[in-house]
Structures are given as structure tokens and as C-alpha cells.
Amino acid sequence: PGGDRRWLRLSQLFQPHSLQAGGEARPGEPTCRSQRLMLQAGLLQPAGPGCYSYLPPTVRAMEKLVRVVEQEMQALGGQKLNLPSLSPAELWRASGRWDLLGPELFRLSDRHGRGYCLGPTHEELVTELVAAQSNLSYKQLPLRLYQVTRKFRDEPRPRFGLLRSREFYMKDMYTFDVSEEAARHTYDLVCDAYRSLLDRLGLPFVKVQAATGTIGGTMSHEFQLPADIGEDRLVLCPHGHFAANVETLNGEQTSCPTCGEKLTETRGIEVGHTFYLGTKYSSVSNAVFYSPENKPQLAEMGCYGLGITRILAASIEVLSTEDSIHWPSLIAPYQLCFIPPKKGSKEEEEGVVLLERVYDDLAEALPHLAGDLVLDDRTQLTIGRRLKDANKLGYPYVVIAGKRVCEDPPVFEVWNHNTGEVLFLTKEGVIELLSKVEVP
């Protein structure tokens, strides 16, 4: 295609990949599949221990993932807000977590000597915010407030790329209810939303009983993706009656409390965590609402986290092969890669014109996909070499203008990366196939 700006050309995409090279981690560092694939594909660049620059395709995938998460949060009445990264130390001292969290908390002070931390989570701030509403009525509850922001944790040994980094993106929701019963209902709703999200992404997960740790509260569950590289040890009943993180078990529990069957052990990557908090934080900040009798009552709270950047890396970890990325198709950075004929081939001229036409017709018929199409314009390389790269980068679909574009009507070779099938389709067939593609 000529000097046309509509095409997103691979040669201009800021994604400096080294697909032929090995992993880019520092020597002696343990790596994992997702970290290696993301570094090779030019999706990440290390910027310091546990900190990464996310390149444009990664940001696209992340923004799509956030849109899917927000659909689920808004479906249960979530309202989005944004809390500051800097939390005043006195809030954390009042809740007792300033000392509890130890060196994982990034601490700093301003020019006046006031202490702050970089928020790894925001229970204190959000509870203060709600407590500041002096005449909150029971009619305004439940409140389900969430944000998607950058969090910080001074990991002693950051590793495995985005699976355990010092800076990461998280969706955190904080809920305020009138009673324990209402708060438990909210808890079930959020757990269902997390299930729905992971199902939509096509990720195999287990929900397990979990420890409440430094967040606190009386009930907690983790959403785990089973994976060898996972840092959590899980025990599961083969019939699905029971699942727990090993750290919650007192002693060695080896059989299911329901059916007595022997528990199997596996490892998992935690991607979501839910907590029922009760009044742990509302009592410190005096976050109250007024009951029907006009009496002040402490709000019952829950908090719910989803690791956005961790889901990205974990999904690559569990879905990909050793040398090619498989994205959950909903959040692939780009849905489709076009491969025109090699420079100097007899199909060159015709192939380029036909691809332009497919592009125009696709963009017109399926406007929501217009920004999801990439042209691999490195025509000095063979089609085979570009196809290999496209597979490594994980485009769900690749459309090739090969030998058969000179037929009447022209036929394109279409690779469906997720099913591994190759189809030979006319332009209409290509549009028909892609009309089923969902983009959040």
C-alpha cells in the first residue's frame, strides 16, 4: 500500500522484538515462559528491578482487559473513582498497618517531613473518604467503589516479569453495606463477576479458601490459575467440594472434609483476591451511615482485588506454547495481521491491491476492528518467515496474500492461531469469519 496513513504498518509499530533471540532477563535470574515471550516479542522492557516499560501492544491489551473488567464491575453497580498514590502515614498508623507491612511498604516523606507511603492497596484512604460524608443514609448503601491504578510493593526479590513486580496495575473495589448479611451478598456478587471475567477470557481457574494476611477481615478467597510456575501451593478435592491455599490449613490436611477423598496438590498464580472485612477499617475511621431509626451504624466492608498486569502475564503463561504467544482472544493487542506477497514475486502487484481492498472492506463492514489490523510490510522477507513471526507474536488471525490471490475470485490463506486451522477464503469469507470476533 502506498503512502497511506490508515494502515498500521509493522515496520512503524514500536515493538522492538528479538524473536530469534533467547530471553532477555539478567544472567542468573530465574525466568518463566511469559516473561521470556514478552521480552522477546518486544512487549516489555526492564526499567529497573521489578519495574517495566509497557510497549504499545501491551498497553492495548491492558486497556482491553480493563474494559472487560469494568463491564463486570459496572454490571454489579460499581462506581469508578481514583484515589491518590500517596497515602498519609498517620492513616496507616491508625489502622496498625504502618508497622505490620514492614519493608514491603514504600515509605517517603515530603519537604515538611510528613510521612507517606506509596499505596499497595487503598483501604485506609477509601474508608476515610466515606467517613468524611457526615450524613450518609442507609438508602445510599450499598456503595461499591472501584479504581484501576498503579500500585507499589517493595518486593524483596521481584521476579518472573509482571507476575511478581514492584510496580503493577490493579483493579481494587471497596464495598460498604448496611449489615453483615448485605455485605456477604455483595461478596458473592463480586466472586460471580470474577468467575464471569475469567470465563470470558477462557482462563482455567480455581477459587480457593485463602488467608486474610495483612488486609485482614474474617473471610477470604483467591482466584488462582493453576500453573507449574505458580508461587502458591493449593490443595483441591478431585470432585470440587473443597479447594484451599495450603497456608490456610492447620497441619497437614490430606483428605476432603466433605467426601473424604484424597486432596491433590497443585501450584497456582493468584490473579484475584476477595476479602470480607466487617468493621475492621470502618471502626478506625468511624465510617458510619444512619439507619432507618436515624442511629449511626458502622458500615460493613469488603475489598476485592484483581491484578491487571498479572492477569496479562498469567494468561500468556498458561495459554502459550514454549515459543509462541497465545492471548485470550478478547484482549489480543491486534486481532489480525495481513501478510502481503514478497517483494519481486509475481503475485506482488496484484496481492498488494487486493489486500488494500480487503482492508477497506473490512474496516467498512466491521468498523470496530479498524484499529485492530496490522500490515506486515517487511516484504523483503519471505511469507513463511513473516508467518512464523506472526505466530510468535500471537495475532489471533493472519491473512496471507499468497499464490492463490491470482485466481478468480482471489483466495486468501487465513490462519486461525487459537484453533491452529488454516482456511482458504475469498474476501467475503474473510469478512464473514472476522464478523464473529469480539473486541471489548
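Definitions and cut-offs
Residues numbered from 1 in each chain as written. Predicted model: local features only at pLDDT ≥ 70, side-chain atom pairs only at ≥ 80, totals over all residues. Heavy atoms only, no water. Helix = DSSP H or I, 4+ residues; strand = E, 2+ residues; numbered from the N terminus. Buried < 20%, exposed > 50% of the residue type's maximum accessible area, 1.4 Å probe, protein only. Contact = heavy atoms within 4.5 Å. Lys, Arg positive; Asp, Glu negative; His and termini not counted. Charge placed at Lys NZ, Arg CZ, Asp CG, Glu CD. Phe/Tyr/Trp six-rings, centres within 6.5 Å; stacked < 30°, edge-to-face > 60°. Lys NZ or Arg CZ within 6 Å of the ring centre and 35° of its normal. Axes fitted to C-alpha atoms, helices over the stretch in contact; angles between N-to-C directions. Left-handed = near helix turned anticlockwise from the far one by under 90°. Nonpolar A, V, L, I, M, F, W, Y, C, P; charged D, E, K, R; others polar. UniProt positions renumbered as here; feature names shortened; annotations may be inferred. Expected span 1.5 Å × (residues − 1). Arc of directions from axis to C-beta. Pairing = 2+ DSSP bridges. Salt bridge = Lys/Arg side-chain N within 4 Å of Asp/Glu carboxyl O.

## Topic: the overall build of the chain
Within the chain, the secondary structure is distributed over 11 helices and 22 strands. With respect to the principal axes defined by its C-alpha atoms, the chain has extents near 80 × 50 × 50 Å. Buried residues in the chain amount to 53% of all 440 residues. Sequence-distant contacts, at least 24 apart, represent 68% of the contacts inside the chain between residues at least 6 apart. Between the averaged position of the 48 positive side-chain charges in the chain and that of its 56 negative side-chain charges there is a distance of 4 Å.

## A few points about the packing of aromatic side chains
Under the defined criterion, the tally for this structure stands at six aromatic pairs. Here Y194 and F223 contribute two aromatic rings whose centre-to-centre distance is 5.5 Å and whose plane-to-plane angle is 70°, an arrangement assigned as edge-to-face. Taken together, the positions of Y194 in helix α6 (residues 180-200) and F223 in strand β11 (residues 219-226) put the pair 29 residues apart, joining distant regions of the chain. When the ring of F205 is compared with that of F223, the centres are 6.1 Å apart and the planes differ by 40°; the resulting orientation is tilted. Here F205 is found in the loop between α6 and β10 (206-209), whereas its partner F223 is found in strand β11, with 18 residues between them in sequence. Taking relative accessible area as the criterion, F223 reaches 0% and is therefore assigned buried. Taken together, the ring pairs connect Y194, F205 and F223 into an aromatic cluster. A cation over a ring is seen here: R107 above W98, with NZ or CZ 4.6 Å from the ring centre. One cation-aromatic arrangement involves R184 over Y276; the distance from NZ or CZ to the ring centre is 4.8 Å.

## Some thoughts on the packing of helix α9 (residues 348-365) against helix α11 (residues 427-434)
Two numbers describe how α9 lies on α11: the axes approach to 10 Å, and their chain directions differ by 35°. Handedness of the crossing formed by α9 with α11: right-handed. Contacts between α9 and α11 involve R357, V358, D361, L362 and A365 on the former and, on the latter, K427, V430, I431 and L434. In terms of residue class, the contact of α9 with α11 is made up of six nonpolar, no polar and three charged.

## Concerning the UniProt feature "domain: Aminoacyl-transfer RNA synthetases class-II family profile" (unreviewed entry) in the chain
According to UniProt, the feature "domain: Aminoacyl-transfer RNA synthetases class-II family profile" (unreviewed entry) maps to residues 63-340 in the numbering used here. Counting secondary structure, residues 63-340 comes out at 25% helix and 31% strand; the distance between its end C-alpha atoms is 29 Å.

## A short note on α9
Compared with the 26 Å implied by 1.5 Å per residue over 18 residues, the 26 Å span of α9 between its first and last C-alpha is a close match. All buried positions along α9 are accounted for by G351, L354, L355, V358, Y359 and L362. Down the axis of α9, the buried set is contained in an arc of 145°. They therefore lie on one face. Away from the buried face of α9 by more than 90 degrees, exposed residues E349 and E364 are located. Lining the buried residues of α9 we find β18 (336-339), β19 (373-375), β20 (397-400), β21 (412-416) and α11.

## Here's the deal with the sheet that holds strand β6 (residues 107-109)
Strands sit in the order β5-β7-β6 across an open sheet of three strands; the sheet is antiparallel. Only two strands of the sheet have a single partner each, and these edge strands are β5 (86-88) and β6. The sheet shows a mean angle of 40° between the axes of neighbouring strands, taken without regard to direction. Of the strand pairs in this sheet, β5 and strand β7 (residues 115-118) are connected by three bridges, and their pairing is antiparallel. Along β7, the bridge assignment pairs S87 with C117.

## Comments concerning the side chain of S320
For S320, the position within the fold is in the loop between α8 (308-319) and β18. For S320, a relative accessible area of 5% corresponds to the buried category.

## Overview of the environment of A61
Counting through the fold element by element, A61 comes out in helix α2 (residues 56-75). Once the C-alpha coordinates of A61 and A365 are considered, the two residues, 304 residues apart in sequence, prove to be 23 Å apart. The contact partners of A61, leaving out residues within four places of it in the chain, are L312, W327, I331 and P333.

## What to know about the pattern of salt bridges
Using the criterion set out here, one finds 27 salt bridges in the structure. Across the pair E322 and R36 runs a salt bridge whose closest N-O atoms are separated by 2.7 Å. Of this pair, E322 sits in the loop between α8 and β18 while R36 sits in helix α1 (residues 33-40); the two residues are 286 residues apart in sequence, bridging distant segments of the chain. For the salt bridge of R166 with D154, the shortest nitrogen-to-oxygen distance reads 2.7 Å. Here the residue R166 occupies a position in the loop between β8 (143-152) and β9 (167-177), and D154 occupies one in the loop between β8 and β9, the gap between them amounting to 12 residues. Note on R166: relative accessible area 19%, which makes it buried. Here the salt bridges share partners, and the residues they tie into one network are R153, E155, R159, R164 and E231.

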